[in-house]
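Structural characterization, general
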Amino acid sequence: MTASSTFDVIFVGAGHNALIAASYLAREGRSVCLLDQCPTPGGWVRSEELTLPGFVHDTFSACHPLFVGGPVFAELGTELAEHGLRYVQGEVSAGASFSDGRSAVISTNPDALSAELDCLGEREAWTQLIDDMSPHLSLVPLMGMDLDSPEAARLLRGLCRQTGCSLPFASLLNGSGCDLLGDRFSSEELIMALLPWLLHLGLSPTDAGGALWAALLMTTLPAGNPAPVGGSGRLAEALTGLVSAYGGEIRTGVDVDAVLTAGGRATGVRTTQGEQLTATQAVIASTTPDQLYGRLLRDAPGIPESTRAQARRYRYRRGCFQINLALSARPRFADSRLDGGGGINVGRGLTELLTSVRQAEVGLLPGYPSISWHEPTAVDPGRAPAGQAVVRLQVLDVPLHPTGDAAEEITVDGRWTAPVAERFADRVIAEAAKHISGLEQLVLARHLLSPADLARTNPNAGPGDHASGHNGLSQAFTQRPIPAHRGGYATAVTDLYLIGAASWPGPGVSGSSGRAVARRLLNRPDSRETPREQPPKRTMGSRSVDRTAVTFPSGGASSEPPP
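Residue indices follow the written sequence of each chain, beginning from 1 at its first position. Reporting in this predicted model follows two pLDDT cut-offs: at least 70 for local features of residues, and 80 or more for side-chain atom pairs to be given and counted; totals over whole chains, interfaces and linings ignore these cut-offs and use all residues. Hydrogens and water are ignored here; the side-chain numbers use all heavy atoms of the structure.

1. Remarks on the overall build of the chain
Under the convention used in this document: Numbered from the N terminus, helices here are DSSP runs of H or I no shorter than four residues, and strands are runs of E no shorter than two. As defined in this context, the radius of gyration uses C-alpha atoms, and a globule is described by 2.2 Å times the residue total to the power 0.38. Exposure categories follow from relative accessible area, calculated using a 1.4 Å probe and restricted to protein chains: below 20% of the type maximum is buried, above 50% is exposed, and the middle band is partly exposed. Whether two residues touch is decided by their heavy atoms; if any such pair falls within 4.5 Å, the residues are in contact. Per-residue and other accessible areas were derived by the Shrake-Rupley procedure at a 1.4 Å probe size, with only the shown protein chains allowed to occlude residues. Charge counting treats Lys and Arg as positive and Asp and Glu as negative, with His and both chain ends excluded. Each charge is placed at NZ for Lys, CZ for Arg, CG for Asp and CD for Glu.
Check the secondary structure of the chain and you find 19 helices and 21 strands. Against the 2.2 N^0.38 benchmark of 24 Å for 563 residues, the chain shows a C-alpha radius of gyration of 22 Å, consistent with a compact globule. Projected onto the principal axes, the alpha-carbon positions of the chain cover approximately 65 × 55 × 45 Å. Across the 563 residues that make up the chain, the buried fraction comes to 62%. Looking at the chain alone, contacts between residues at least 24 apart form 74% of all its contacts between residues at least 6 apart. Working note: accessible area of the chain is about 19700 Å², and carbon and sulfur atoms make up 49% of it. Both charge centroids of the chain, one from 47 positive and one from 57 negative side chains, sit 5 Å from each other.

See below:
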């Protein structure tokens, strides 16, 4: 720590978006200081030996397709590689496994994907939906733009005017993922390889706004699901190294108590220890609107009561329950193609998915939870001792406050206590064992993360929501995080910006909001942005990659599925 207490830009929080913004600013000579209450920077980008020595697990996020396929990696990738960041992915991007033995695989190999669509009888429907999405390709640059900017407004107006196409943008914007995929595809296997991904984005299968995200997922998942070699935390480590190399300061174990204002603008921050730091240009907060206006700006004058009321009503929807397993050997699906890495949706089918989500939303532990399965050692064997494996099971259809159990087996009282978490973990692993023969016998150790644990580790989770707030249409796009922000990053206080999962475009490791705010402070408006050229339209909607694991030292496949 230096003696300085004045900086051009001060960050409240040092998650990946803050680290990315700080990298851009520091590289241009701006003095930056990041303050984070956690002992290490990175936010939800972290890897640890959670179970046993030698088994490296992703504590929160795992795969980074948004980041690798976006402009941040194109611009900073070479420098991040110098700080040890390298990505790897296999041929399998996503898939679905059913307890009755059915399966589907979305491969990064166009020929394999084509063969799978033929097998499922979905080639024509897939190709048609790709064609119908073509008029909306201008949406892609919006993912990295401030929606309150004139440039973004022009793009949105143009999209909304496209009423003559076979799939109007308004239909995508207002429709649900379940309706879109159900109308287009007849194969439950293909639907289940795609639809559960909406849960990662903070949406349910039936939420308005889900149709657009489902269509984007379908067009981008074939590009792959790259992950950092050595674990998700390697991204945070590389970004930390880059910020430090440019002279930026990162102070951990520091809790910011308030953002200071004068004359209607942000002038600095005060820590819970009473230290005051001055920001001459801006304060950037990685937080949620309820935390921003209810805590950090609780005493700030001049903020409209309507804005404070909107922030108070900011909604969290469902919780995240995560199990990290150390296994004595690599797990094997009945369909060996699913052993190739990627994100596999494990469950009993569409009806059970819709049921479990609804159960979670009314406070019940689902009887048959839907599982997102990811085995990093399929493409990165160094994450575990030789011949052994690490696996992450995520259940994103659990209640924030369990008040009952749909299976009537677990006694709950509204809290995620340790006994409740242990018993629910038993249910999840038993359900996964219907897809992985002998799974329970392979388990050497396990680590659990309940919604209550998530809430304790990061206030941005609210009561335990991994998406930092519901991401349905009423709280997405130009309504994110609250209508007063109009989809932008500026707040009710001049020179104070809000970034992170609660801001547009929402959850996921992309760095979009951090980059957008940095460009704004560097006077580089969206109109000067040059997004990476989109690939020409292809029948399968995919960019070809090697069939074996492939590394991306300074660039990557263009893809934007969820974390």
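Let's pick the thread back up.
2. Some remarks on helix 1 (residues 16-27)
Applied cut-off: One less than the residue count of a helix, multiplied by 1.5 Å, gives the span that helix is expected to have.
For helix 1, spanning 12 residues, the distance from its first C-alpha to its last is 16 Å, which sits close to the expected 16 Å at 1.5 Å a residue. Burial within helix 1 is extensive, with 11 of its 12 residues counted as buried. Taken residue by residue, helix 1 has His16, Asn17, Ala18, Leu19, Ile20, Ala21, Ala22, Ser23, Tyr24, Leu25 and Ala26 as its buried positions. Note on helix 1: the residue one or two positions beyond its end, Gly29, has a positive phi of about 90°.

3. Observations regarding the packing of aromatic side chains
We count it as follows: Pairing of aromatic rings covers Phe, Tyr and the six-membered ring of Trp, with a centre-to-centre limit of 6.5 Å; geometry is then stacked below 30 degrees between planes, edge-to-face above 60, and tilted otherwise.
Scanning the entire structure with this criterion turns up 12 aromatic pairs. Summarising the aromatic geometry, the rings of Phe67 and Tyr87 are spaced 6.3 Å apart at their centres and angled 40° between planes, so their arrangement reads as tilted. Highlighted residues: Phe67 in helix 2 (residues 65-68) and Tyr87 in strand 5 (residues 87-89), separated in sequence by 20 residues. Take Tyr87: its relative accessible area is 0%, and that puts it in the buried class.

4. What to know about the pattern of salt bridges
Stated formally: One side-chain nitrogen of Lys or Arg within 4 Å of one carboxyl oxygen of Asp or Glu is enough to make a salt bridge.
Enumeration over the complete set of coordinates arrives at 35 salt bridges. With a closest N to O distance of 2.8 Å, Glu79 and Arg27 form a salt bridge. Taken as a pair, Glu79 in helix 3 (residues 71-82) and Arg27 in helix 1 lie far apart in primary sequence, 52 residues in all. Across the pair Arg318 and Glu361 runs a salt bridge whose closest N-O atoms are separated by 2.6 Å. Of the two residues, Arg318 is situated in the loop between helix 14 (305-312) and strand 13 (319-327) and Glu361 in helix 15 (residues 350-361); the sequence distance between them amounts to 43 residues. Classification of Arg318 as buried rests on a relative accessible area of 5%. Classification of Glu361 as partly exposed rests on a relative accessible area of 25%. Beyond isolated ion pairs, a larger network of salt bridges with shared partners links Asp207, Arg317, Arg318, Arg358 and Glu361.

5. Side note on the environment of Ser176
Under the convention used in this document: For the purposes of these results, a polar contact is taken to be a pair of N or O atoms within 3.5 Å, where, inside protein, one atom must be able to donate a hydrogen and its partner to accept one; residues adjacent in sequence count only when each atom of the pair is a side-chain atom.
For Ser176, the position within the fold is in the loop between helix 8 (169-174) and helix 9 (177-184). Taking the relative accessible area as the measure of exposure, Ser176 reaches 6% and is therefore buried. Taking C-alpha positions, Ser176 is 9.0 Å from Trp213, a pair spaced 37 residues apart along the chain. Setting aside chain neighbours within four positions, we find Ser176 in contact with Pro205, Thr206, Asp207, Gly210 and Ala211. For Ser176, the side chain forms a polar contact with the main-chain nitrogen of Asp179, separated by 3.0 Å.

6. Observations regarding the nonpolar core
The test is simple: Remark: nonpolar core denotes a set of buried residues (Ala, Val, Leu, Ile, Met, Phe, Trp, Tyr, Cys) joined through side-chain atoms within 4.5 Å.
In terms of nonpolar packing, the biggest core is built from 100 residues, with Phe11, Leu34, Phe67, Trp126, Phe185, Leu194 and Trp213 touching the most fellow members. What Phe67 contacts, discounting residues up to four positions off in sequence, is Ile20, Val72, Phe73, Leu80, Leu85, Tyr87, Leu235, Val509 and Ser510.

7. Brief notes about the packing of helix 9 against helix 11 (residues 210-220)
For the record, the criterion: Axes, fitted as lines to C-alpha atoms, cover a helix only where it is in contact. Angles between the N-to-C directions of the axes lie from 0 to 180 degrees. Roughly parallel here means an angle under 35 degrees, roughly antiparallel means over 145, roughly perpendicular means 65 to 115, and every remaining angle is called oblique. Nonpolar residues are Ala, Val, Leu, Ile, Met, Phe, Trp, Tyr, Cys and Pro. Charged residues are Asp, Glu, Lys and Arg, and all others, Gly as well, are polar.
Look at helix 9 against helix 11: their axes get within 6 Å of each other, and the N-to-C directions meet at 55°. Taken together, the axis directions place helix 9 and helix 11 in an arrangement best described as oblique. Mapping the contact onto sequence places Gly177, Leu180 and Leu181 in helix 9 and Gly210, Ala211, Ala214 and Ala215 in helix 11. Across the contact of helix 9 with helix 11, the residue classes break down as five nonpolar, two polar and no charged.

8. Looking at the sheet that holds strand 13
What counts here: DSSP-based pairing: two strands are paired if at least 2 bridges between them are found.
Strand order in this open sheet of seven strands is 7-6-14-16-17-13-19, and the pairing throughout is mixed. With partners counted over all chains shown, the strands left at the sheet margins are strand 7 (103-107) and strand 19 (443-449), one partner each. Sheet twist, expressed as the mean angle between neighbouring strand axes with direction ignored, is 20°. With six bridges joining them, strand 13 and strand 19 adopt antiparallel strand pairing. Paired with Ala326 across the bridge in strand 19 is Ala445.

9. Description of the pairing of strand 20 (residues 496-499)
Residues Leu496 and Leu498 line one face of strand 20 and the alternating positions Tyr497 and Ile499 line the opposite face, and both faces are buried. Note that strand 12 (residues 276-286) and strand 20 share four bridges and pair parallel. Within the sheet, the bridge partner assigned to Ile284 lies in strand 20 and is Tyr497.

10. Concerning unusual backbone geometry
With an omega of -5°, the peptide bond running from Arg480 to Pro481 counts as cis. Going from Trp504 to Pro505, the amide bond is cis rather than trans, its omega being 5°. Turning to its location among the elements, Pro505 is positioned in the loop between strand 20 and helix 19 (512-521). Although it is not a glycine, Phe477 adopts a positive phi angle of roughly 50°. Of note, Phe477 is situated in the loop between helix 18 (451-457) and strand 20. The class of Phe477 is buried, set by a relative accessible area of 7%. You will see that Arg486, though not glycine, has its phi angle at about 55°, which is positive. Within the fold, Arg486 resides in the loop between helix 18 and strand 20.

11. Thoughts on the side chain of His16
Mapped onto the elements, His16 comes out in helix 1. Classification of His16 by relative accessible area gives buried; the value is 10%. Here Ser510 takes part through its backbone nitrogen, which lies 3.3 Å from a polar atom of the side chain of His16. If we skip the residues at most four places from it in the chain, His16 touches Gly42, Val45, Leu239, Gly508, Val509, Ser510 and Gly511.

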